[in-house]
Amino acid sequence: MKTTNTTWQATVNREHRELQIDPSRRLLDIIRGDLDLTGTKVSCEIGRCGACMVLIDGEPVNSCLTMAYQCAGKEITTIEGLHGEHEDQLHPIQEAFLEEGGFQCGYCTPGMIISTKALLDQNPLPNDHEIKEGLCGNLCRCTGYGGIMRAVQSAATKCQQQDTQLPTQQQIIR
Amino acid sequence: MEMNIETSRIPDPFPCQVWEPADMEEAMMIKRQYGANAAFVAGGTLLRTQWEGGIVSKHEHLIRLDTIADLRGIDESDQHIHIGALTRLRECGADMYIANHGATLYEACRHIAAPSIRNQATIGGNIASAVGDAIPALLVHNASLHWADIGSKVDLIQQDIVDWLDVVKSGRRSLDAILMGIVLEKQSTEHQQEITFFRKIGRREAFTPSLVTVAFRAMVDPLGHFSQVRIAAGGGSGIAMRLSRCEQLLEGNRYHAEMITSIALLASEDFVTYSDPFASEQYRQQTAGNLLAAGLWESIHSQIERR
């Protein structure tokens, strides 16, 4: 009978990575501990707060609840993988969070931005209810939700003004 | 191309072996071999939180169910909807077969956890937990569950969800069984209108585990008489149940405004629930009654407005 290989491989922020790891290791620990991508944050560790949110094949997923074997062979995007047209530019969502004060301590912000990316990829012009639903798995302990709502609305507008839909997963990770 | 394979810098203190059974027989064989040291895993979201919270110790062996064919997907036949146990909650909350023939389940799946969890968690895992929010919805859709269990060979069992919950309550549940799928009855709505709703209350407005959930399904004829009434309540870590006296209050009768207060009182009397540091038993019972009454009032009035 077959067991899952301990050689884990995936594409992380456009880069192919291979690791020898326990297949039940949390993706959160792989990202932060093994790959040094510490933009993804550790908080509740039970899937409630969204600080550890990443995209797997374009879908938002809590990396604290995802085991290595569940994301093997997939395309993983962390906050470090988002950028504007050039790698040294901010993504329009990141710009919007800066401009609208969509953060206070900033700890929840990477997760908020990742969830916003997933939301706007699916629904480029969400209404307030859809924004709340899309971000309901992300908690801001500073309770700065007013700024976050404005930031998501602004991000949607920015992307519309660029006359393009948000870049697809492949376009973003170039 | 030469590939640089790194080794994890932080070895896992509790490594485990992850098995990939090709079919039920293999899955059962591994479970038989390792017993309580092995756990079946579908989406794994609940299992990970249980490990993290110290509710269960990390298992030495995980038996993947996603490697077994035919456990995922939604099919329709003349009389039934079949949902594979490994179908993700997100897919259940977006499926038109379920929306048309299992409207309460459809709503429930759209309100379980957050979108990121629904991308990973499965309907089977929600049910197998015995306290998932899909369960009250399945009770009102007369759902049956298809299990595979360890016997001398693999036994396939079809069980009404009410009967399964009775087994859970009695503590006689088989922890070695694998949920394969869920079957919903289609119901003829000829000359009748179906009323359904699902209501959930948690500790805060955003995504949170439920305190109380209520599911409702009934047919209403053109004269306003209720039939085939099914009402269920659950939530938190309580076992969901049908509210039979509430069903009897409506069954065969025509809607009138006094029903609203009566059904709220009956539901709060009938709902068997529990207290914890977050909510008392009385609060949960009263909330179930209020959710039911409000849902019924809203549904009836929106139906009247549509006429």
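Nothing here was measured: the structure is a model prediction, and the numbers come from that model.

1. Quick notes on the environment of B:Asp75
All names here are of chain B.
Right, so step 1: Relative to the assigned elements, Asp75 resides in strand 5 (residues 74-76).
Right, so step 2: By relative accessible area, which is 48% here, Asp75 ends up partly exposed.
Right, so step 3: A sequence separation of 108 residues divides Asp75 from Val183, and the C-alpha atoms of the two residues are 9.6 Å apart.
Right, so step 4: Ignoring any residue separated from it by four or fewer positions in sequence, one finds Asp75 in contact with His80, Ile81, His82 and Tyr97.

2. Considering helix 11 (residues 258-270) of chain B
Residues and elements named next belong to chain B.
Right, so step 1: With 13 residues, helix 11 should cover 18 Å at 1.5 Å per step; its first-to-last C-alpha distance of 18 Å lies within 8% of that length.
Right, so step 2: When we look at burial in helix 11, the residues that qualify are Met259, Ile260, Ile263, Ala264, Leu266, Ala267, Ser268 and Asp270.
Right, so step 3: Contacts made by the buried residues of helix 11 are with strand 12 (226-234), strand 13 (241-242), helix 10 (244-250) and helix 12 (281-306).

3. Structural notes on the packing of aromatic side chains
All names here are of chain B.
Right, so step 1: Applying the stated criterion to the full structure yields three aromatic pairs over all chains.
Right, so step 2: Between Trp147 and Trp164 the ring centres are 5.4 Å apart and the planes differ by 35°, which places this aromatic pair in the tilted class. One end of the pair, Trp147, is in strand 7 (residues 144-150); the other, Trp164, is in helix 9 (residues 161-169), and 17 residues separate them in sequence. Trp164 matches Trp147 in its accessibility class, with the two residues each being buried.
Right, so step 3: Considering the side-chain rings of Phe197 and Phe216, the 4.9 Å spacing of their centres and the 5° angle between planes classify their relative orientation as stacked. Separated by 19 residues along the polypeptide, Phe197 in strand 10 (residues 193-202) and Phe216 in strand 11 (residues 210-220) bring together distant segments of the chain.

4. Describing the sheet that holds strand 4 (residues 61-64) of chain B
Residues and elements named next belong to chain B.
Right, so step 1: With respect to topology, three strands assemble into an open sheet ordered 2-4-3, the strand pairing being parallel. Of all strands in the sheet, those with a lone pairing partner are strand 2 (17-19) and strand 3 (38-41), marking the two edges. Taken pair by pair, the neighbouring strands of this sheet meet at an average axis angle of 25°, ignoring direction.
Right, so step 2: Note: strand 2 against strand 4, three bridges, orientation parallel.

5. Considering a nonpolar patch on the surface
Residue and element names in this part refer to chain A.
Right, so step 1: A surface patch of nonpolar side chains, about 260 Å² in accessible area, is lined by Leu90, Leu98 and Phe103.
Right, so step 2: Here Phe103 lies in the loop between helix 3 (92-99) and helix 4 (109-122).
Right, so step 3: Taking relative accessible area as the criterion, Phe103 reaches 33% and is therefore assigned partly exposed.

6. Details of the interface of chain A and chain B
Right, so step 1: In this assembly, 40 residues from chain A lie in contact with 45 residues from chain B.
Right, so step 2: Of the roughly 3700 Å² buried at the junction of chain A and chain B (both faces included), carbon and sulfur atoms supply 52%.
Right, so step 3: The largest share of the area that chain A buries against chain B comes from A:Met1, A:Leu65 and A:Tyr69, three residues that together contribute 17% of it.
Right, so step 4: Counting every contact that joins chain A to chain B gives five salt bridges.

7. Focus on the domain arrangement of chain A
Residue and element names in this part refer to chain A.
Right, so step 1: You can read the domains of chain A as domain 1 (7-81) and domain 2 (92-162).
Right, so step 2: Once you take the C-alpha centre of each, domain 1 and domain 2 turn out to be 21 Å apart.
Right, so step 3: Counting residues at the interface gives 16 residues for domain 1, matched by twelve residues for domain 2.
Right, so step 4: Between domain 1 and domain 2 lies a buried interface of about 1100 Å² when both sides are counted; carbon and sulfur atoms form 66% of it.
Right, so step 5: Taken together, the connections running from domain 1 to domain 2 amount to zero salt bridges.
Right, so step 6: Linking domain 1 with domain 2 are four residue pairs in polar contact (both at pLDDT 80 or more).
Right, so step 7: Ranked by the residues each element gives to the side of domain 1 that touches domain 2, the list is headed by strand 3 (residues 53-56), at three residues.

8. Quick word on the packing of helix 3 of chain A against helix 4 of chain A
Working note: a packed helix pair is described by the angle between its axes plus the distance between those axes.
Residue and element names in this part refer to chain A.
Right, so step 1: Two elements in contact, helix 3 and helix 4, have axes separated by 10 Å at closest approach and are oriented at 130°. It follows that helix 3 is oblique to helix 4 by the angle criterion. As for how helix 3 packs across helix 4, the hand of that crossing is right-handed. Only Thr109, Met112, Ile113, Thr116, Lys117 and Leu120 of helix 4 make contact with helix 3, whose side of the interface consists of Ile93, Gln94 and Phe97.
Right, so step 2: When its residues are assigned to classes, the contact of helix 3 with helix 4 shows five nonpolar, three polar and one charged.

9. Some words on helix 1 (residues 24-34) of chain B
All names here are of chain B.
Right, so step 1: Three or more residues of helix 1 are buried, namely Met24, Ala27, Met28, Ile30 and Lys31. Down the axis of helix 1, the smallest arc covering the buried residues is 160°, so these residues share one side.
Right, so step 2: N-capping of helix 1 is provided by Asp23, with a side-chain oxygen placed 3.3 Å from the backbone N of Glu25.
Right, so step 3: Within two residues after helix 1, Gly35 carries a phi angle of roughly 55°, on the positive side.

10. Section: the sheet that holds strand 2 (residues 15-20) of chain A
Right, so step 1: Read across the sheet, six strands follow the order 4(A)-3(A)-5(A)-1(A)-2(A)-1(B) without closing on themselves; strand pairing throughout is mixed. Two strands bound the open sheet, and with one partner strand each, they are strand 4 (59-62) of chain A together with strand 1 (5-7) of chain B. In this sheet, neighbouring strand axes are inclined to one another by 40° on average, regardless of whether the strands run parallel or antiparallel.
Right, so step 2: Strands in contact with helix 1 (residues 27-34) of chain A are strand 1 (7-12), strand 2, strand 3 and strand 5 (75-77) of chain A together with strand 1 of chain B; relative to strand 3 of chain A, the strand with the most contacts, it is inclined by about 105°.
Right, so step 3: On top of the sheet, helix 4 of chain A reaches strand 3, strand 4 and strand 5 of chain A; it is set at about 35° to strand 3 of chain A, its chief contact.

Reading the values: the criteria
- Residues numbered from 1 in each chain as written.
- Chains lettered and ligands numbered in written order.
- Predicted model: local features only at pLDDT ≥ 70, side-chain atom pairs only at ≥ 80, totals over all residues.
- Heavy atoms only, no water.
- Helix = DSSP H or I, 4+ residues; strand = E, 2+ residues; numbered from the N terminus.
- Buried < 20%, exposed > 50% of the residue type's maximum accessible area, 1.4 Å probe, protein only.
- Contact = heavy atoms within 4.5 Å.
- Expected span 1.5 Å × (residues − 1).
- Phe/Tyr/Trp six-rings, centres within 6.5 Å; stacked < 30°, edge-to-face > 60°.
- Pairing = 2+ DSSP bridges.
- Axes fitted to C-alpha atoms, helices over the stretch in contact; angles between N-to-C directions.
- Patch = residues over 30% accessible without salt bridge, like charges linked within 9 Å, V, L, I, M, F, W, Y side chains within 5 Å.
- Areas by Shrake-Rupley, 256 points an atom, 1.4 Å probe, with all protein chains shown as cover.
- Salt bridge = Lys/Arg side-chain N within 4 Å of Asp/Glu carboxyl O.
- Buried area = accessible area lost by both parts, 1.4 Å probe.
- Domains from an automatic or database assignment.
- Polar contact = N/O pair within 3.5 Å; in protein donor to acceptor, adjacent residues only side chain to side chain.
- Parallel < 35°, antiparallel > 145°, perpendicular 65-115°, else oblique.
- Left-handed = near helix turned anticlockwise from the far one by under 90°.
- Nonpolar A, V, L, I, M, F, W, Y, C, P; charged D, E, K, R; others polar.
- Arc of directions from axis to C-beta.

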